[in-house]
Structures are given as C-alpha cells and as structure tokens.
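The primary structure of each chain is shown beneath.
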Amino acid sequence: KVNFYEGGWDQLALFGDPTGEGFTAFDIGTYLPSSYPKIDSQLDIAANGREAYLRTTDWNFRPPTWYLYFRRVDFPADPDINGQWEWAGIYFGEKI
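Report on the accompanying structure. Values in this document were obtained by computation on a predicted structure and should not be read as measured data.

### A word on the side chain of Asp44
Right, so step 1: Within the secondary structure layout, Asp44 lies in the loop between β3 (38-39) and β4 (51-57).
Right, so step 2: Asp44 gets classed as buried once you look at its relative accessible area, which sits at 16%.
Right, so step 3: For Asp44, the side chain forms a polar contact with the main-chain nitrogen of Ala46, separated by 3.0 Å.
Right, so step 4: Reaching out from Asp44, the side chain makes a polar contact with the side chain of Lys95 at a distance of 2.6 Å.
Right, so step 5: Residues contacting Asp44, with those up to four places away along its chain left out, are Tyr53, Tyr67 and Lys95.

### Here we look at the packing of aromatic side chains
Right, so step 1: Scanning the entire structure with this criterion turns up 5 aromatic pairs.
Right, so step 2: Judged by centre distance (3.8 Å) and plane angle (0°), the ring pair of Trp59 and Trp66 falls under stacked.
Right, so step 3: Judged by relative accessible area, Trp59 falls into the buried class, the value being 10%.
Right, so step 4: Looking at Trp66, the relative accessible area reads 0%, which means it is buried.
Right, so step 5: Note on Tyr69 and Tyr91: the rings are 6.2 Å apart at their centroids and 70° apart in plane angle, and the pair reads as edge-to-face. You can see Tyr69 sitting in strand β5 (residues 66-72) and its partner Tyr91 sitting in strand β6 (residues 85-92), a full 22 residues away along the chain. Of the two residues, Tyr69 and Tyr91, neither departs from the other in class, the shared state being buried.
Right, so step 6: Here a set of aromatic residues connected by ring pairs shows up, and it is made of Tyr53, Tyr69 and Tyr91.
Right, so step 7: In this structure, Lys95 is placed above the aromatic ring of Tyr53, and the distance from its NZ or CZ to the ring centre is 5.8 Å.

How each quantity is defined
- Along every chain, residues carry numbers that run from 1 in the direction the sequence is written.
- Per-residue local features are limited, in this predicted model, to residues with pLDDT of at least 70; the limit for side-chain atom pairs, both in listing and counting, is 80 or more; totals at the level of whole chains, interfaces and linings are taken over all residues.
- Hydrogens and waters are ignored; side-chain quantities use all the structure's heavy atoms.
- Numbering of helices and strands runs from the N terminus, with a helix taken as a DSSP run of H or I at least four residues long and a strand as a DSSP run of E at least two residues long.
- A simple rule labels every residue: compare its accessible area, found with a 1.4 Å probe on the protein chains alone, to the largest value its type can have, and call it buried under 20%, exposed over 50%, or partly exposed in between.
- For the purposes of these results, a polar contact is taken to be a pair of N or O atoms within 3.5 Å, where, inside protein, one atom must be able to donate a hydrogen and its partner to accept one; residues adjacent in sequence count only when each atom of the pair is a side-chain atom.
- Contact definition: two residues touch when any of their heavy atoms are within 4.5 Å.
- Pairing of aromatic rings covers Phe, Tyr and Trp, the last through its six-membered ring, and needs centres within 6.5 Å; plane angles under 30 degrees mean stacked, over 60 mean edge-to-face, and all others mean tilted.
- The criterion for a charge sitting over a ring is simple: Lys NZ or Arg CZ within 6 Å of the ring centre, and within 35 degrees of the ring normal.

Everything listed is a geometric property; what it means functionally is a separate question.
Put into structure tokens, the structure is as follows:
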C-alpha cells in the first residue's frame, strides 16, 4: 500500500502529485473481473526511461479502460532493486 494509488486522469490534472490529496489507496481485489481484461501489446507512447503506462480494457467495474502505471525504482542503497520497475498505480478511463 505504500506509494500505490488510483485515480482518474482528471485528478492528475487537478492535483498534480498522485501520492497526495485527491488519490486513494488501492485494493486490486475489489476490481478483479470474472474474465481477464485485454492488454495492449505495446506501452503507451508517453512511456520513457523512468515511467511507463500500459493500457488495458474490458474491466467490468468503473470505466472499462485502465492504464497501469509503472516507474523505475530509485533506491541506490539496494542494488538488487535500484533501477528495476515497480507497479505504482492505475489511472481509470481514457487519457485526456
């Protein structure tokens, strides 16, 4: 639950920092569908060396489109995880 959030693209535009006010803690068990959602075969065009977004569709809760957000770990004290990717959040709905 540390540094993992959920929110809409409009919330990002309003609040900026997704770890602050306006975003909530996330529990994936609440949202799991009875069938698997579809996952795009490539990352979103906004992906770069520090962040990546993966579009998924056909969820049966809230908007049917979710973007899974990943970011690089910046923790030099532990070389085993430093520079690796972590799943950090979800944006609900299509990008605005």
